[in-house]
Amino acid sequence: MKIKICGIKNKNTLLYCEAKKIDFFGLIFYSSSPRNIDIESAKLLQIESKKLNINGVGVFVNEEIDRLIQYAKYLNLKYVQLHGKEDQSYINELKTLDIKVIKKISVSDKDDFKNMKNFKDVDYFLFDYKPKTNELPGGNAKSFDWKIIENIRFKKPWFLSGGINVDNIQLIKSKIKPFGIDLSSGVEKELGIKDNQIINNFMEKLNNA
């Protein structure tokens, strides 16, 4: 199972994640998020990651496509996660680059999975809690009912996101069995601040599950 930690903002956390064999780190470019990172700080983390076995993922929410492409080229991104209302034509433009696309599907019931048919050319899906009007697009520490996904098989690999933490990782590994998981608030000591000890505790619980 692949592990992605979203909202990495400093070198210390990045190096710790790599040491714990985390596969992906998310760079959030969304000004309303407490985990937002500026492009120059992201550039430094991307440069550092090229020496490591961890891949940076640029996370965007309804960003103008030309601006996103500029970011992707400047940061040499190999992965981009789309967390807004981006459509297939938007993805087509993005796929002109040598880049893999993760597309979020907001889920509250099984009918929401029908939205997957609108995205033919993504590489991965990410299933997350469907936010209410006044909530952030992600990172709300809330989950949809995972029971609805237990017996569904999807053609493309998918990540589970939303409210994942040390208390439910054993359930996810044994029952849900996603291709990957996407963590954020579940490894924070306070909003937007990742904690190495919590990351360690999480990975120990995962590896022993």
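Structural data are supplied above this passage.
All of these numbers come straight from a predicted model, not from anything done at the bench. (Residues numbered from 1 in each chain as written. Predicted model: local features only at pLDDT ≥ 70, side-chain atom pairs only at ≥ 80, totals over all residues. Heavy atoms only, no water.)

Visitor: What am I meant to see in the overall build of the protein chain here?
Guide: Secondary structure summary: the protein chain contains six helices and ten strands in total. For a compact globule of 209 residues, the expected C-alpha radius of gyration is about 17 Å, and the protein chain comes in at 16 Å, within 12% of that figure. With respect to the principal axes defined by its C-alpha atoms, the protein chain has extents near 40 × 40 × 30 Å. Out of the 209 residues belonging to the protein chain, those deemed buried represent 51%. Relative to all contacts within the protein chain whose residues are 6 or more apart in sequence, the contacts with residues 24 or more apart total 54%. (Helix = DSSP H or I, 4+ residues; strand = E, 2+ residues; numbered from the N terminus. Rg over C-alpha atoms; globule rule 2.2 N^0.38 Å. Buried < 20%, exposed > 50% of the residue type's maximum accessible area, 1.4 Å probe, protein only. Contact = heavy atoms within 4.5 Å.)

Visitor: How should I be thinking about the packing of aromatic side chains in this particular structure?
Guide: What describes a pair of aromatic rings is the distance from one ring centre to the other and the angle between the planes of the rings. One pass over the structure, following the stated rule, counts 15 aromatic pairs. Ring centres 6.1 Å apart and planes at 75° place the aromatic pair Phe24 and Phe159 in the edge-to-face group. Of this pair, Phe24 sits in strand β2 (residues 24–29) while Phe159 sits in strand β7 (residues 158–161), and the two are 135 residues apart along the sequence. An aromatic cluster is defined as three or more aromatic residues linked by ring pairs; in this entry it consists of Phe24, Tyr79, Tyr124, Phe159 and Phe179. Above the ring of Tyr74, the side-chain terminus of Lys43 is found at 4.6 Å from the ring centroid. (Phe/Tyr/Trp six-rings, centres within 6.5 Å; stacked < 30°, edge-to-face > 60°. Lys NZ or Arg CZ within 6 Å of the ring centre and 35° of its normal.)

Visitor: What am I meant to see in helix α3 (residues 65–75) here?
Guide: Because the α-helix completes a turn every 3.6 residues, residues three or four places apart line up on one side. Inspection of α3 places Ile65, Leu68, Ile69, Tyr71, Ala72 and Leu75 among the buried residues, and these make up the whole buried set. Buried residues of α3, seen end-on, are gathered within an arc of 160° and therefore sit on one face of the element. The exposed residues of α3 that point more than 90 degrees off its buried face are Asp66, Gln70 and Lys73. Phi turns positive one or two residues past the end of α3, at Asn76, with a value near 55°. (Arc of directions from axis to C-beta.)

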